[in-house]
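# Report on the structure
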Amino acid sequence: MPDQHVVVVSAAGSAEHTVTSGTKAWELFADEPEVIAARVGDELRDLSYQLEDGDRVEGVTIDSSDGRAILRHSTAHVMAQAVQELFPKAKLGIGPPIEEGFYYDFDVPEPFKPEDVERIESRMRKIIKEGQRFSRRQVSDAEARDELTAEPYKLELIGLKGDAGKSAEGANVEVGAGALSIYDNLRRDGSLAWKDLCRGPHLPTTKRIPAFTLMRTAAAYWRGSEKNQQLQRIYGTAWESKEALDAYLHRLEEAARRDHRRLGAELDLFSFPDELGSGLAVFHPKGGVLRKEMEDYARRRHEESGYDFVYSPHITKAGLFETSGHLQWYADGMYPPMHVDAVVDDEGAVVKPGQDYYLKPMNCPMHCLIYRSHGRSYRDLPMRLFEFGSVYRYEKSGTLHGLVRVRGMTQDDAHIYCSREQLHDELGELLTFVLDLLRDYGLDDFYLELSTKDPDKHIGSDEVWEQATQMLAEVASASGLELLPDPGGAAFYGPKISVQARDAIGRTWQMSTIQLDFNLPERFDLEYTASDGSRQRPVMIHRALFGAIERFVGVLTEHYAGAFPPWLAPVQVIAIPVAERHVSYLHTLAARLRAEGIRVEVDESDDRMQKKIRTAQTQKVPFMLIAGDRDVAEDAVSFRYRSGVQDNSVPVDDAVERVVEVVRQRTQV
RNA sequence: GCCGGCGUGGCGCAAUUGGCAGCGCAUCCGACUUGUAAUCGGAAGGUUCGGGGUUCGAGUCCCCGCGCCGGCUCCA
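Residues numbered from 1 in each chain as written. Chains lettered and ligands numbered in written order. Predicted model: local features only at pLDDT ≥ 70, side-chain atom pairs only at ≥ 80, totals over all residues. Heavy atoms only, no water.

Let us look at the overall build of chain A. In terms of helices and strands, chain A carries 18 helices and 35 strands. Structurally, chain A occupies a C-alpha span of about 90 × 80 × 65 Å along its principal axes. Counting only carbon and sulfur atoms, one obtains 48% of the accessible surface of chain A, whose full area is about 31500 Å². (Helix = DSSP H or I, 4+ residues; strand = E, 2+ residues; numbered from the N terminus. Areas by Shrake-Rupley, 256 points an atom, 1.4 Å probe, with all protein chains shown as cover.)

Listed below in structure tokens is the structure:
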């Protein structure tokens, strides 16, 4: 047999190997059990791939990101096999790996019940134990159609092959752009257990799935469109080891512990009374303090940065939203109108037609009216109108989620009107302002997203879009932050930058948006007189920093896991007497702190001191100030922090100074 | 909006096949006065989300509505 030369690439470097013709990739990695696939050139291949002369081959380990994706994809196959064995009528949708797991969609006559999922999982364990081999074979389109007559969704995918724009996300996992392949799952005796149209690659055998679990079921529309059939989706996850799976499940528990809906109740911050209706929150006194601090600080910063404060009503006549275009474009997202002032006579004939009023879904139309309230000069620009504006949006019931997605919310909304010449500088300053302010609230890990024109849905000339997009891109890159493109993601009226923040456990949240608008200045016919006396149209920028305050409260609650930095903490100091005789001493201390504007409480309940500490701890109060005989004798007080760290016998003057300073500096403790 | 799950004192949960609605925390009262995460005793607290139905009997089964949760779709 003729020899072939291949290059094996590894962390240690690359080495040339001479192998006989017909050698399979796995033979290169026979003593590396963690290798489950091969990267040949740029392509991921099964380990059964037959090497060719000149190949550059790298082992893909199961704990790498590609390796995990392959593991999860293979586990999805095992799940689909188990489902079809248990539910012979189930038709296959798609089953791709996703971030931290996988799913597979099925068309089944009855949705899966929780018990079904357990059965599927145990069937999967059986299949894994059997050590079935994933065996790839290439097929022509015609052959694939012939073999898959019982799988209508797969047939549809074959028809869409290579047309990435039309197929669902994840569908290209089934049918690559090139030739089709089918994976046979073969039992030890070589008999066929199951097969699926799939691009691969896969693990060598099902035995190589070290740890998996099924997570949940859900419905999902075929190819992501609500016009299509709804399929039943099962989510699962798979990991390279039991330990990695446990660590993942542990991370989920940690995230659940931070859930703002749970913390909101535990810390008595806010609630969603059923009586109000879906997506409508009330803030309790403690949540009110938090929110007020956030708002007050934002107000101060806006004042310093040249914003003018305005106010506008929650409800307006329909005409305004006709002018703005909201009723034409977004009526579905608005609460239905209330019809007022109609007069009907005894016969039922309309004497006076009355009119519709709408709750406002956005503040911008009102701000445009303020701009238009009198003639504007170039000397007025940039004009920055700011409002904590409460808006109401009739979000679909299924999308509501705690404070993060609500129907009634308060935006920290500003609209900036400026000339074209001012636009570039204004955007640059704005982005800096936004990022600085977010940092002050404790978020410091950002990236940006630039949403550009949707070719099918936009107004304004290409030239203006081009120019504006270019400007946003320049400003974004000047920030030094990572910039991700979001092609086609812009609203119809202009491109935008959105600021994404990563929280303390690495989750990302969309925070601020800076949105250019070519539409509203037209619709409201906004003008200013330029220095040469000509009439010009201003450019408008929409921006919200928090997005909505409600949502920002939710995000910060999760970011801090409820342990807010002292300047935001609803109760900043809890004073705990060792015994009852120390209470009055602490009241004196508390009065001093209160005089400095510190939110302090003295716990004079008849609980034991240990219990008081526990209570303060569970309420995540940043400073516990404890006083007993020793402290009183020394005119001192003892600190305990949420971390459990103690600092005893601190002189009272120093203690007050320490607390005041931390609050003033907005630092975390 | 769609699919599935769920709804029991303020909170977290229990209640066998349809058979006396219970526990812990919190609350209130009393005793105790203790140096860094739960002192002891007692009391009070319920139209089992709302409405309708089946049944001798419904927290439990059926229907409608409201709300919540997980997804899908949407997110100006």
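What follows covers the protein's contact with RNA strand B. As a structural note, the neighbourhood of RNA strand B is formed by 51 residues, with Arg216, Gln230, Arg608, Arg630 and Asn648 the closest of them. Across the atoms of RNA strand B situated within 4 Å of the protein, the share located in sugar and phosphate is 53%. One of the side-chain nitrogen or oxygen atoms of Arg216 is found 3.0 Å away from a sugar or linking oxygen of RNA strand B. For the surface near RNA strand B, the elements supplying multiple residues, two or more each, are strand 12 (211–221), strand 13 (230–239), helix 9 (326–330), helix 16 (609–618), helix 17 (629–634), strand 34 (636–641) and strand 35 (646–651). The element contributing the most residues to the surface near RNA strand B is helix 16, with six residues. (Near = heavy atom within 4 Å. Polar contact = N/O pair within 3.5 Å; in protein donor to acceptor, adjacent residues only side chain to side chain.)

Here the focus is the domain arrangement of chain A. Interface extent is often summarised as the accessible area lost during association of the parts. Domain boundaries assigned for chain A yield domain 1 (3–61), domain 2 (65–251), domain 3 (290–314 + 360–559) and domain 4 (573–665). Using C-alpha coordinates to define each centre, domain 1 is positioned 52 Å away from domain 3. (Domains from an automatic or database assignment.)

Axis separation between helix 7 (residues 285–304) and helix 11 (residues 420–440) bottoms out at 11 Å; the angle between their running directions is 150 degrees. Classified by the interaxial angle, the pair formed by helix 7 and helix 11 is roughly antiparallel. Of the two elements, helix 7 crosses helix 11, and the hand of that crossing is right-handed. Where helix 7 abuts helix 11, its residues Tyr297, Arg301 and His302 lie against Phe433, Asp436, Leu437 and Asp440. (Axes fitted to C-alpha atoms, helices over the stretch in contact; angles between N-to-C directions. Parallel < 35°, antiparallel > 145°, perpendicular 65-115°, else oblique. Left-handed = near helix turned anticlockwise from the far one by under 90°. Contact = heavy atoms within 4.5 Å.)

On to the environment of Ala414, then. With respect to the secondary-structure elements, Ala414 resides in strand 23 (residues 408–418). In the structure, Ala414 is positioned 129 residues away from Arg543 in sequence and 5.5 Å away in space, judged by C-alpha atoms. Setting aside its immediate chain neighbours within four residues, Ala414 contacts Tyr307, Leu385, Phe386, Ile541, His542 and Arg543.

A few words now on the side chain of Thr316. Position of Thr316 relative to the elements: it lies in strand 17 (residues 315–317). Taking the relative accessible area as the measure of exposure, Thr316 reaches 10% and is therefore buried. Sequence-distant contacts of Thr316, that is, excluding residues within four places in its chain, are made with Phe321, Asp356, Tyr357, Tyr358 and Met366. (Buried < 20%, exposed > 50% of the residue type's maximum accessible area, 1.4 Å probe, protein only.)

Moving on, we come to the environment of Ala636. You can see Ala636 is positioned in strand 34. Between the C-alpha atoms of Ala636 and Leu483, which are 153 residues apart in sequence, the distance is 52 Å. Excluding residues within four positions of it along the chain, Ala636 makes contact with Tyr585, Asp631, Ser649, Val650, Pro651 and Val652.

With that settled, the discussion passes to the pairing of strand 8 (residues 101–107). Here strand 8 lies mainly inside the structure; seven of its seven residues are buried. Burial of strand 8 is two-sided: the residues Gly101, Tyr103, Asp105 and Asp107 facing one way and the residues Phe102, Tyr104 and Phe106 facing the other way are all buried. Where strand 6 (residues 91–92) lies against strand 8, two bridges are found, and the strand directions are antiparallel. The residue bridging Leu92 from the neighbouring strand is Phe106, located in strand 8. In this structure, strand 7 (residues 97–98) lies alongside strand 8, joined through two bridges in antiparallel fashion. (Pairing = 2+ DSSP bridges.)

Let us look at the sheet that holds strand 33 (residues 623–627). Spatially, 32-31-33-34-35 is the arrangement adopted by the five strands of the open sheet, whose pairing is mixed. Both outer strands of the open sheet, strand 32 (600–602) and strand 35, are each paired with one neighbouring strand and no more. The average undirected angle you get between the axes of adjacent strands in this sheet is 25 degrees. Note that strand 33 and strand 34 share four bridges and pair antiparallel. What sits directly across from Phe623, in strand 34, is Tyr641. Here helix 16 sits on the sheet and contacts strand 31 (573–577), strand 33 and strand 34; the angle it forms with strand 31, its principal contact strand, is near 170 degrees.

Turning our attention to unusual backbone geometry. Backbone torsion omega between Gly200 and Pro201 reads -5 degrees, so that peptide bond is classified as cis. You can see Pro201 is positioned in the loop between strand 11 (192–197) and strand 12. For the peptide bond that leads from Leu381 to Pro382, omega is -5 degrees, which places it in the cis range. In this fold, Pro382 is placed in the loop between helix 10 (364–372) and strand 22 (383–392). Positioned with a positive phi, Asp341 is a non-glycine residue whose angle comes to about 70 degrees. Its place among the elements puts Asp341 in the loop between strand 18 (338–340) and strand 19 (343–344).

With respect to the secondary-structure elements, Arg233 resides in strand 13. We classify Arg233 as buried; its relative accessible area is 13%. Reaching out from Arg233, the side chain makes a polar contact with the side chain of Tyr235 at a distance of 3.0 Å. Setting aside residues up to four positions removed in sequence, Arg233 forms contacts with Tyr103, Tyr104, Asp105, Arg216, Thr217, Ala218 and Ala220.

Our focus in this paragraph is the sheet that holds strand 2 (residues 13–20). On the basis of which strands lie adjacent, the open sheet formed by five strands has the order 2-1-5-3-4 and mixed pairing. Edge positions in the open sheet fall to strand 2 and strand 4 (43–45), since each of these has one partner strand only. Across the sheet, the axes of successive neighbouring strands diverge by a mean angle of 35 degrees, strand direction being ignored. Inspection of the sheet shows strand 3 (residues 35–40) paired to strand 4 by three bridges, in the antiparallel sense. Bridging across to strand 4, Val40 finds its partner in Glu43.

All right, on to the packing of aromatic side chains then. Two measures describe an aromatic ring pair: the distance that separates the ring centres and the angle between the ring planes. Taken as a whole, this structure holds 29 aromatic pairs when the rule is applied. What links up through ring pairs into an aromatic cluster is the set Tyr297, Tyr441, Phe546, Phe552 and Trp567. The lysine or arginine in question, Arg72, covers the ring of Trp239, its NZ or CZ lying 4.4 Å from the ring centre. (Phe/Tyr/Trp six-rings, centres within 6.5 Å; stacked < 30°, edge-to-face > 60°. Lys NZ or Arg CZ within 6 Å of the ring centre and 35° of its normal.)

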